[in-house]
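The chain contents come next:
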Amino acid sequence: MVAWKGFVAALAGLVGLALAPISHAQAPAAPILEAPAILGLPDTSQASVRRFLNLNTPRVLAFGPNGTFGWQAGGGDAAFVEQTALANCERRAGPGACTIGLRDLSIVKPGREWAPSLPPEGVAITSAHHATLPDERFIWWGPEQARGVLVFAHGKEVVTDLRGRQPQSWTRHFNNAGFDIWRFDREPNADSARRAAAWLRDDLAELRGRGYRQVIVAGQSRGGWNALMVLNRAGLADVAIAIAAAAHGRPSDENNRQHAQIAELEALLTEAANARRMRLAVADFRDDPFMAEPDKRAEALRRQRERFGAFLLIDRPEGMSGHGAGGSTAFNDRYGACLLRFATTPRPPASC
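These figures come from a predicted structure and were not determined experimentally.

Caption draft 1: Focus on the packing of helix 6 (residues 193–209) against helix 7 (residues 222–229). The geometry of helix 6 relative to helix 7 is characterised by a closest axis approach of 9 Å and an angle of 60° between their N-to-C directions. Classified by the angle between their axes, helix 6 and helix 7 sit oblique to one another. You can see that helix 6 and helix 7 cross each other, and the crossing is right-handed. Residues Ala 193, Arg 194, Ala 196, Ala 197, Leu 200 and Arg 201 of helix 6 form the contact with helix 7, whose participating residues are Arg 222, Asn 226, Ala 227 and Met 229. Counted by class, the contact of helix 6 with helix 7 contains 6 nonpolar, 1 polar and 3 charged residues.

Structure representation (structure tokens):
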């Protein structure tokens, strides 16, 4: 009987892993996600507050009498954001009538204070030149409670050290749905594409081993290219999301390799292991100097569509341009929820 129970438990575990990309699990309770009720805001506030909670920090929401409120996210430092949120609220409620209710990840309404737990110390995966670690600007769920983990890889710049940069705001949709958000940070001087891909493969395997039920690898620019490079090892990630993936420089760069970009992109996707069990989303933008021959690139991506269990191409959407467009509020508003559905629903959308 004990052996039979062990077999059933093991079988259940395997089924759970197989169904990870289409998990219906709900996010664990986090009071900040119930902010309208906690702050006494009307039902008509739901969409606005949800939008606020899907934006990056610094962010502040102020509330006043009779269901009035106002908020601000980004656009300056923490002091500017707080002052602007109060001003936005007081335009509706009157001078001095508003109080801060939400600040970043915390509820600060008197009598209803709440803040999420911080990631435990020592969970980061590190080497001499990189670190994969949870970002403390996101709600921490932990491997036991989380629906999964999303690892976000920043781009690469010659002069600027991008370590510590906040992941793009569309990842908030995943965090608020119960996913932990980890950063894949690399020291600029050691950050070659192949070396980073090797680190990322090892770190994804480590996170899977820690018990995360679903593993999503994502990134922007060189980080997005790294997300594609790790697909050649089966079982590391259930979903890959590549935003403006690039690793070949701009036409103006000396010794750029844009002539090789499309062939190498196709090679990465052709070499993807067990692609039928993978979901792949790619977003490219107009006027991106790092993207070689946009029409041919889009055609090359579409040729790979049938190889993957699910495929989504966001191809040069109207109203967004430039290499950094994936980090914009407009991209978050239009595509954040769609990317979450793509990663988690039984029938992922083929378009947004």
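Caption draft 2: Seen up close, the confidence of the model for the protein chain. The pLDDT averaged across the protein chain works out to 92; a share of 92% of its residues lies at or above 70. Taken together, the stretch residues 1–20 has pLDDT below 50 and engages in 5 contacts with residues farther than four places along the chain or on a different chain.

Caption draft 3: Representation of the sheet that holds strand 3 (residues 99–103) in the model. The 4 strands are arranged 2-1-3-4 in an open sheet whose pairing can be described as antiparallel. Strand pairing shows two members of the sheet lacking a second neighbour, strand 2 (69–73) and strand 4 (106–107), which therefore form its edges. Across 2 bridges, strand 3 lies against strand 4 in antiparallel orientation. From the neighbouring strand, Arg 103 faces strand 4, where its bridge partner is Ser 106. The sheet strands contacting helix 3 (residues 46–53) are strand 1 (59–63), strand 2 and strand 3, and the helix crosses strand 2 at an angle near 25°. Strand contacts of helix 4 (residues 78–93): strand 1, strand 2 and strand 3, with the helix running at about 155° to strand 2, the strand carrying the most contacts.

Caption draft 4: Structural context of the sheet that holds strand 8 (residues 179–186). Ordered in space as 5-6-8-7-9-10-11-12, the 8 strands form an open sheet in which the pairing is mixed. At either end of the open sheet lies a strand with only one pairing partner, and these are strand 5 (125–126) and strand 12 (310–315). Bridge count between strand 10 (residues 239–243) and strand 11 (residues 279–284): 5 bridges; the pairing is parallel. By the bridge assignment, Ala 242 is partnered in strand 11 with Val 282. In this fold helix 7 packs onto strand 7 (148–153), strand 8, strand 9 (215–220), strand 10 and strand 11, with an angle of close to 145° to the strand it touches most, strand 9. Those strands touched by helix 9 (residues 294–303) are strand 11 and strand 12, and its axis lies near 170° from that of strand 12.

Reading the values: rules and limits
Residues numbered from 1 in each chain as written. Predicted model: local features only at pLDDT ≥ 70, side-chain atom pairs only at ≥ 80, totals over all residues. Heavy atoms only, no water. Axes fitted to C-alpha atoms, helices over the stretch in contact; angles between N-to-C directions. Helix = DSSP H or I, 4+ residues; strand = E, 2+ residues; numbered from the N terminus. Parallel < 35°, antiparallel > 145°, perpendicular 65-115°, else oblique. Left-handed = near helix turned anticlockwise from the far one by under 90°. Contact = heavy atoms within 4.5 Å. Nonpolar A, V, L, I, M, F, W, Y, C, P; charged D, E, K, R; others polar. pLDDT = per-residue confidence, 0-100. Pairing = 2+ DSSP bridges.

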